[in-house]
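Single-letter residue listing:
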Amino acid sequence: MSVEIYHNPRCSKSRQTLQILQEHGVDAKIREYLKTPPDRETLESVLKMLKMEPRDLMRKGEKEYKEAGLDNPQLSREELIQAMLDHPKLIERPIVIHNGRAALGRPPESVLDLF
């Protein structure tokens, strides 16, 4: 069973999600996405699995979001994805991927729907 978690150890929701997975016997590959960001193809795939558009997966409270004017509705999907590639901190977390499906751990328990 291949499970991957896009994890930020400084994020309480991310830590809680990882703990829930471990408590349920799930051995997830931890991807600290701030250290090893996804490439464009991976990010596009994650968005498709989550059935989300880029802005839906962005952390709108981050200063990078405000400074880059990412709330501009004229920005294209590609521009928003590029902003997440340039600033992985903008990617909402945690994301758990399992068997071609993905779930956002907000709330953390929601990732259990993948199993």
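Residues numbered from 1 in each chain as written. Predicted model: local features only at pLDDT ≥ 70, side-chain atom pairs only at ≥ 80, totals over all residues. Heavy atoms only, no water.

How should the nonpolar core be read in this particular structure?
Side chains of a nonpolar character, in soluble globular proteins, are inclined to be buried together. Counting residues in each nonpolar core, the largest one holds 22 residues, and the members touching the most others are V46, L57, M58, M84 and I95. Put simply, the parts of the chain that give this core at least two residues each are α2 (40-50), α4 (77-86), β3 (95-98) and β4 (101-104). Residue contributions to this core peak at five residues, all from α2. Here M58 is in contact with Y65, L70, L80, A83, M84 and L90, once residues within four sequence places are set aside. (Core = buried A, V, L, I, M, F, W, Y, C linked by side-chain atoms within 4.5 Å. Buried < 20%, exposed > 50% of the residue type's maximum accessible area, 1.4 Å probe, protein only. Helix = DSSP H or I, 4+ residues; strand = E, 2+ residues; numbered from the N terminus. Contact = heavy atoms within 4.5 Å.)

Before we go on, may I ask you to explain the side chain of R59 in this structure?
Residue placement: R59 occurs in the loop between α2 and α3 (63-67). Polar side-chain contacts of R59 include one of 3.0 Å to the side chain of E62. Not counting residues within four places of it along the chain, the set of residues in contact with R59 comprises Y65, K89, L90, I91, E92, R93 and R106. (Polar contact = N/O pair within 3.5 Å; in protein donor to acceptor, adjacent residues only side chain to side chain.)

What is the right way to look at the sheet that holds strand β1 (residues 3-7) in this model?
Strands belonging to one sheet form pairs held by backbone hydrogen bonds; the direction of such a pair is parallel or antiparallel. Taken in spatial order, the four strands make up an open sheet running β2-β1-β3-β4, and their pairing is mixed. Each edge of the open sheet is held by one strand with a lone partner, namely β2 (29-32) and β4. Here the average twist between neighbouring strands, direction ignored, is 20°. Across four bridges, the pairing between β1 and β2 is parallel. Each bridged residue has a counterpart across the sheet, and for H7 the counterpart in β2 is E32. Lying over the sheet, helix α1 (residues 12-23) contacts β1, β2 and β3, oriented at roughly 160° with respect to β1. The strands touched by α2 are β1, β2, β3 and β4; relative to β4, the strand with the most contacts, the crossing angle is about 80°. (Pairing = 2+ DSSP bridges. Axes fitted to C-alpha atoms, helices over the stretch in contact; angles between N-to-C directions.)

Please explain the packing of α2 against α4 as it appears in this structure.
Two numbers describe a pair of packed helices, the interaxial angle and the distance between the axes. It is the contact of α2 with α4, at a shortest axis distance of 10 Å, that shows an interaxial angle of 115°. Put simply, α2 runs roughly perpendicular to α4. Between α2 and α4 lies a crossing of right-handed hand. On α4, the residues touching R40, L43, E44 and L47 of α2 are R77, E78, I81, Q82, M84 and L85. The residue makeup of the contact of α2 with α4, split by class, is five nonpolar, one polar and four charged. (Parallel < 35°, antiparallel > 145°, perpendicular 65-115°, else oblique. Left-handed = near helix turned anticlockwise from the far one by under 90°. Nonpolar A, V, L, I, M, F, W, Y, C, P; charged D, E, K, R; others polar.)

These values are about where atoms sit, not about what they do.
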